[in-house]
Amino acid sequence: MATPPLTPRMLIPTTLSPLGSPRSKESTVRPEITLVQPSGKNKSTGSKSNKLFRRVRSVFRSLPIMPPMCKFPGGGTRVHENHVHGGTRVTGTLFGYRKARVNLAIQENPRSLPILVLELAIPTAKLLQDLGVGLVRIALECEKRPSEKTKIVDEPIWALYCNGKKSGYGVKREPTEEDLVVMQMLHAVSMGAGVLPVTIGGGGGREGDLTYMRAHFERVIGSRDSETYYMMNPDGNSGPELSIFFVRV
């Protein structure tokens, strides 16, 4: 008896979708991106800026990951009553594969497109571990130039310090498709931490599960050369605390 022909369904191998269910390898369907445009986002971002970000990022990725030598001070200024005077509340998400560099995405709210994406030369697992111990302060410094017109958060690269210790560099980049998939998967999460069993860009198998921590941040603009993001604790007193300082010196 002749062997019946193989059907298209039999010919296509299966793999796991971002949510862990079997799916066709050739037709892996990612979640539809429904994130909305931020209210203050400039929609006319120049191609020259994008090219600059890509060049800086390619150089940045050639640098080694430097585990930060973080030492936690016994005291420090804390944010009381879960609010910073003069601050604007935004959503911040730390995410990345545990052995890879950590990323920080800032959004107006969990359902909007990121207004800022940073890639930091700190392993994701190390930073999240340190956040579970105590206060972490990250300073991002760049050189101040005469007649500076660029917004400080639009600088392409900064020297990175974790609690006063040099820890490599931080770089701003445009959100990638992978970043948007993560933000879309977390669009219903206002705060929390966990692991996403996803394989994005083929990295999951090599670098472990994608870990995330999301919280409210207070954005405070000190001047055109300084801007700070304070991570807010739900109870205002305990739990991880993170402050990120942008400064031109």
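Provided above is the structure to which this section pertains.
Model, not experiment: these values are computed from the prediction. (Residues numbered from 1 in each chain as written. Predicted model: local features only at pLDDT ≥ 70, side-chain atom pairs only at ≥ 80, totals over all residues. Heavy atoms only, no water.)

## So, the side chain of Thr211
Consideration 1: Position of Thr211 relative to the elements: it lies in strand 10 (residues 210-223).
Consideration 2: Every residue in contact with Thr211, bar those within four places of it in the chain, is listed here: Leu94, Phe95, Gly96, Arg98, Thr124, Leu128, Gly194 and Val195. (Helix = DSSP H or I, 4+ residues; strand = E, 2+ residues; numbered from the N terminus. Contact = heavy atoms within 4.5 Å.)

## A look at the environment of Ser243
Consideration 1: Looking at the element boundaries, Ser243 is found in strand 12 (residues 241-248).
Consideration 2: When the C-alpha positions of Ser243 and Leu135 are compared, they lie 8.2 Å apart, and in sequence the two are 108 residues distant.
Consideration 3: Here Ser243 is in contact with Val136, Arg137, Ile138, Tyr229 and Tyr230, once residues within four sequence places are set aside.

## Concerning the environment of Ser112
Consideration 1: Within the element layout of this structure, Ser112 appears in the loop between strand 4 (101-107) and strand 5 (116-123).
Consideration 2: Using a relative accessible area of 1% as the deciding quantity, one classes Ser112 as buried.
Consideration 3: Along the chain, Ser112 and Val36 lie 76 residues apart, while their C-alpha atoms are 4.5 Å from each other.
Consideration 4: Those residues in contact with Ser112 that sit more than four places away from it in its chain are Leu35, Val36 and Gln107.
Consideration 5: Only 3.0 Å separates the side chain of Ser112 from the backbone oxygen of Asn109, close enough to count as a polar contact. (Buried < 20%, exposed > 50% of the residue type's maximum accessible area, 1.4 Å probe, protein only. Polar contact = N/O pair within 3.5 Å; in protein donor to acceptor, adjacent residues only side chain to side chain.)

## Structural notes on unusual backbone geometry
Consideration 1: In this structure, Asn163 is a non-glycine residue whose phi angle is positive, near 50°.
Consideration 2: Along the chain, the position of Asn163 falls in the loop between strand 7 (157-162) and strand 8 (165-172).

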